[in-house]
Amino acid sequence: MTAMTDTAPILEIRDLTKTFVLHTRGGASIPVLDRFSLSVDAGECVALNGPSGVGKSTVLRLIYGNYRAGGGEIRVRHAGRMVAVTDAEPRRLIDLRRHAVAYVSQFLRVIPRVPALDIVAAPLIALGCDALEAQARAGALLARLNLPERLWTLPPATFSGGEQQRVNVAVGLIAPRPLLLLDEPTASLDAGNRAVVIDLVREAVAGGAAVLGIFHDPMVREAIADRAVALSARDRQEPDQQAGEP
Amino acid sequence: MTAPPGGALGAAALPAAGLEMAVDDPSLLDADRLMVRFGARFACRDVSVRIWPGEVIAVVGESGAGKTTLLDCLSGQRAPDSGSVRYRTSAGGIIDVHQESEMVRRRLQRTEWGVVRQNPRDGLRLDISAGGNIGERLMATGHRHYGRIRAAAADWLERVELDVARLDDLPAQFSGGMQQRLQVARTLVSAPRLVFLDEPTGGLDVSVQARLLDLLRRLVAELDLAAVIVTHDLAVARLLADRMVVMQHGEIVESGLTDQVLDDPQEPYTQLLVSSVLRV
């Protein structure tokens, strides 16, 4: 692998294919992606468009290694080299998530009994940051996202949808990584907090991050994305006629 | 905690030449093609697992899948019919666990390893005090200074959120959840590198489970422990483990990153397990 320059892509997807096979439903097969390709450069924000159910979130989850690809290749830049996500060993994926790929999922997965501040600080601590400094930076980011300070020491289980989403955004943005995946980061936010998230993402892009996101709100898309890629039914496989009824 | 006198394993206990594990990225424990058979039934069939320092692996599956048998083989408590378990000691040597003498295995179990059992009564001595239970493990690793042992015991009671005033109480006076936390303290006080936990939250009420899980999650991260956790509870795996291994009928049917196996299970059996849970 040759060394990459600054204009080299951060993310390369070639012929990505994904079909879910439901063994508990008589082996029914649900095709989602068929030979989908995409490349995102440093300092670029790409919006993934397309109707609901077309597989946009699936693309993000495949890049993050949360789903296993059925075919094709996903590579992300890590420490100056392009590293394959597809078929990567679990340990490699953990390393990539720590250093190279950040992901803001649609919903926060709550860890019982862990305060919001610690959840946000965790990615920094995993990178070796001092715990006090990590908490200070987590507090600063939560303050910027207008999360009331009285909530910081509480586990987010009882937070509102919008509050949980801001915690989730903070977890994704606290430790800058070359690739940022955003799944509807502003869906449950009011106008003021939406503007804060837009600013934060713009700052990440200006800092050289590559961003791939799903933004249903056209205003947010307009404000953040440099270009849009439409995922449509043509990226999907024909349903498997042999499959059993779901 | 300082290293016990004489090193965790004396040089004399260290290995035979010719044993090798990956050098560039050394693993801690390598189990290779383990076989255990009970009559016609396999409890472990061709099971290979590799554990790296600082990582937590969950072994999941239903009762009778062979999880505990695997744990017993990995932790040197049961010899497999065939296959090997190799361990890299803190001194850097590699030992073939089941080829060593019982004495070496016992030494490993009380120094570099720790075992937390499902029933705290199997992992604690009920006839001595809480402090004694913690201190005993320190004495077994060569510590002799009474004051320091007592101070370490008090410190560990606090770390597992038990009242230090209970230091001299017998474990029988504790609730099940407290006994389990005491067992965790007894296991971790000697600073093991690798801990084996068999259904650690098994018989506990849900609220008590949550507290113990939170404690384990924090301690594993703080102490940079490697751990193998046997559980039938996928939520426990989700919360604690980096990687997971799914067993059925003594075989590993699927393994991988915990969230990947739970969110995109590939094998029919794993899909059945995941879909049978309300939400993990």
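No experiment lies behind these values; they were computed from the predicted model shown.

## Re the overall build of chain B
Here is step 1 of the chain: Looking only at helices and strands, one finds 10 helices and 10 strands in chain B.
Here is step 2 of the chain: Taking 280 residues into account, the globule formula puts the C-alpha radius of gyration at 19 Å, and chain B, at 19 Å, falls close to it.
Here is step 3 of the chain: In terms of principal-axis extent, the alpha carbons of chain B reach across some 55 × 50 × 40 Å.
Here is step 4 of the chain: Within the span of chain B, comprising 280 residues, buried residues form 54% of the whole.
Here is step 5 of the chain: Only carbon and sulfur atoms are counted for the fraction: they give 49% of the accessible area of chain B, which is about 12,100 Å².
Here is step 6 of the chain: In chain B, the 31 positive side-chain charges and the 37 negative ones have mean positions that sit 6 Å from each other.

## Side note on the domain arrangement of chain B
Residue and element names in this part refer to chain B.
Here is step 1 of the chain: You can read the domains of chain B as domain 1 (12–26 + 49–112 + 192–280) and domain 2 (125–191).
Here is step 2 of the chain: Look at where the C-alpha atoms of domain 1 and domain 2 centre, and you get two points 24 Å apart.
Here is step 3 of the chain: Of the residues lining the interface, 18 residues belong to domain 1; the matching set on domain 2 comes to 16 residues.
Here is step 4 of the chain: Summed over both partners, the interface of domain 1 with domain 2 comes to about 1,400 Å²; 61% of that surface belongs to carbon and sulfur atoms.
Here is step 5 of the chain: On the domain 1 side of the interface with domain 2, the three residues burying the most area are Arg110, Pro192 and Arg211, jointly 36% of the side's total.
Here is step 6 of the chain: Where domain 1 touches domain 2, the interface holds three salt bridges.

## Looking at the nonpolar core
Here is step 1 of the chain: Counting residues in hydrophobic clusters, the biggest one holds 48 residues, and the most contacted among them are Ile134, Trp156, Leu182, Val184 and Met244 of chain B.
Here is step 2 of the chain: If you look at the next biggest cluster of nonpolar residues, it comprises 42 residues, including Leu124, Leu145, Val196 and Val220 of chain A.

## Things to note about the confidence of the model for chain A
All names here are of chain A.
Here is step 1 of the chain: Put simply, chain A has an average pLDDT of 91, and 91% of its residues get 70 or more.
Here is step 2 of the chain: For residues 1–5, every residue scores under 50 in pLDDT, and the model assigns this stretch nine contacts once sequence neighbours within four places are set aside.
Here is step 3 of the chain: Scored below 50 in pLDDT, residues 237–246 makes 17 contacts in the model with residues more than four places away or belonging to other chains.

## Structural notes on the packing of aromatic side chains
Here is step 1 of the chain: Using the criterion set out here, one finds four aromatic pairs over all chains in the structure.
Here is step 2 of the chain: Ring centres of Tyr64 of chain A and Tyr103 of chain A lie 4.8 Å apart, and the angle between their planes is 40°; this geometry places the pair in the tilted category. Within this pair, whereas Tyr64 of chain A is found in helix 1 (residues 56–64), its partner Tyr103 of chain A is found in strand 6 (residues 101–104), the two being separated by 39 residues in sequence. Assigned by exposure class, Tyr64 of chain A and Tyr103 of chain A land together as buried.
Here is step 3 of the chain: For the pair Tyr87 of chain B and Trp113 of chain B, a centre-to-centre distance of 5.2 Å together with 85° between the ring planes defines the contact as edge-to-face.

## Some details on the state of the cysteines
Residue and element names in this part refer to chain B.
Here is step 1 of the chain: The final tally for this structure, using the stated rule, is zero disulfides over all chains.
Here is step 2 of the chain: Cys44 takes part in no disulfide bond, and the closest cysteine sulfur to it belongs to Cys73, at a distance of 5.1 Å.
Here is step 3 of the chain: Classification of Cys44 by relative accessible area gives buried; the value is 0%.

## Section: helix 5 (residues 146–159) of chain B
An α-helical turn contains 3.6 residues, so any two residues separated by three or four positions project in the same direction.
Residue and element names in this part refer to chain B.
Here is step 1 of the chain: Here helix 5 contains 14 residues, and its C-alpha end-to-end distance of 20 Å stays within 8% of the 20 Å for a straight helix at 1.5 Å per residue.
Here is step 2 of the chain: Buried within helix 5 are the following residues: Ile149, Ala152, Ala153, Ala154, Trp156 and Leu157.
Here is step 3 of the chain: Positive phi appears at Glu161, one or two residues downstream of helix 5, with a value of about 60°.

## Section: helix 4 (residues 131–144) of chain A
All names here are of chain A.
Here is step 1 of the chain: If you check helix 4, its first and last C-alpha atoms are 20 Å apart, about what 14 residues at 1.5 Å a residue would give, namely 20 Å.
Here is step 2 of the chain: Within helix 4 the residues assigned to the buried category are Ala134, Ala138, Gly139, Leu141 and Leu142. Along helix 4, the residues classed as buried sweep out an arc of 165° about the axis, all on the same side.
Here is step 3 of the chain: Buried-residue contacts for helix 4 involve helix 3 (116–126), helix 5 (161–173) and helix 6 (191–206).
Here is step 4 of the chain: For helix 4, the N-terminal cap is Asp130; the gap from its side-chain oxygen to the backbone nitrogen of Leu132 is 3.2 Å.

## Here we look at unusual backbone geometry
All names here are of chain A.
Here is step 1 of the chain: Positive phi, close to 55°, is recorded for Asp15, a residue that is not glycine.
Here is step 2 of the chain: With a relative accessible area of 42%, Asp15 lands in the partly exposed category.
Here is step 3 of the chain: Positive phi is not limited to glycine here, since Asp87 has a value of about 70°.
Here is step 4 of the chain: For Asp87, a relative accessible area of 80% translates into the label exposed.

Each value, and the rule that gives it
Residues numbered from 1 in each chain as written. Chains lettered and ligands numbered in written order. Predicted model: local features only at pLDDT ≥ 70, side-chain atom pairs only at ≥ 80, totals over all residues. Heavy atoms only, no water. Helix = DSSP H or I, 4+ residues; strand = E, 2+ residues; numbered from the N terminus. Rg over C-alpha atoms; globule rule 2.2 N^0.38 Å. Buried < 20%, exposed > 50% of the residue type's maximum accessible area, 1.4 Å probe, protein only. Areas by Shrake-Rupley, 256 points an atom, 1.4 Å probe, with all protein chains shown as cover. Lys, Arg positive; Asp, Glu negative; His and termini not counted. Charge placed at Lys NZ, Arg CZ, Asp CG, Glu CD. Domains from an automatic or database assignment. Contact = heavy atoms within 4.5 Å. Buried area = accessible area lost by both parts, 1.4 Å probe. Salt bridge = Lys/Arg side-chain N within 4 Å of Asp/Glu carboxyl O. Core = buried A, V, L, I, M, F, W, Y, C linked by side-chain atoms within 4.5 Å. pLDDT = per-residue confidence, 0-100. Phe/Tyr/Trp six-rings, centres within 6.5 Å; stacked < 30°, edge-to-face > 60°. Disulfide = S-S within 2.5 Å. Expected span 1.5 Å × (residues − 1). Arc of directions from axis to C-beta. Polar contact = N/O pair within 3.5 Å; in protein donor to acceptor, adjacent residues only side chain to side chain.

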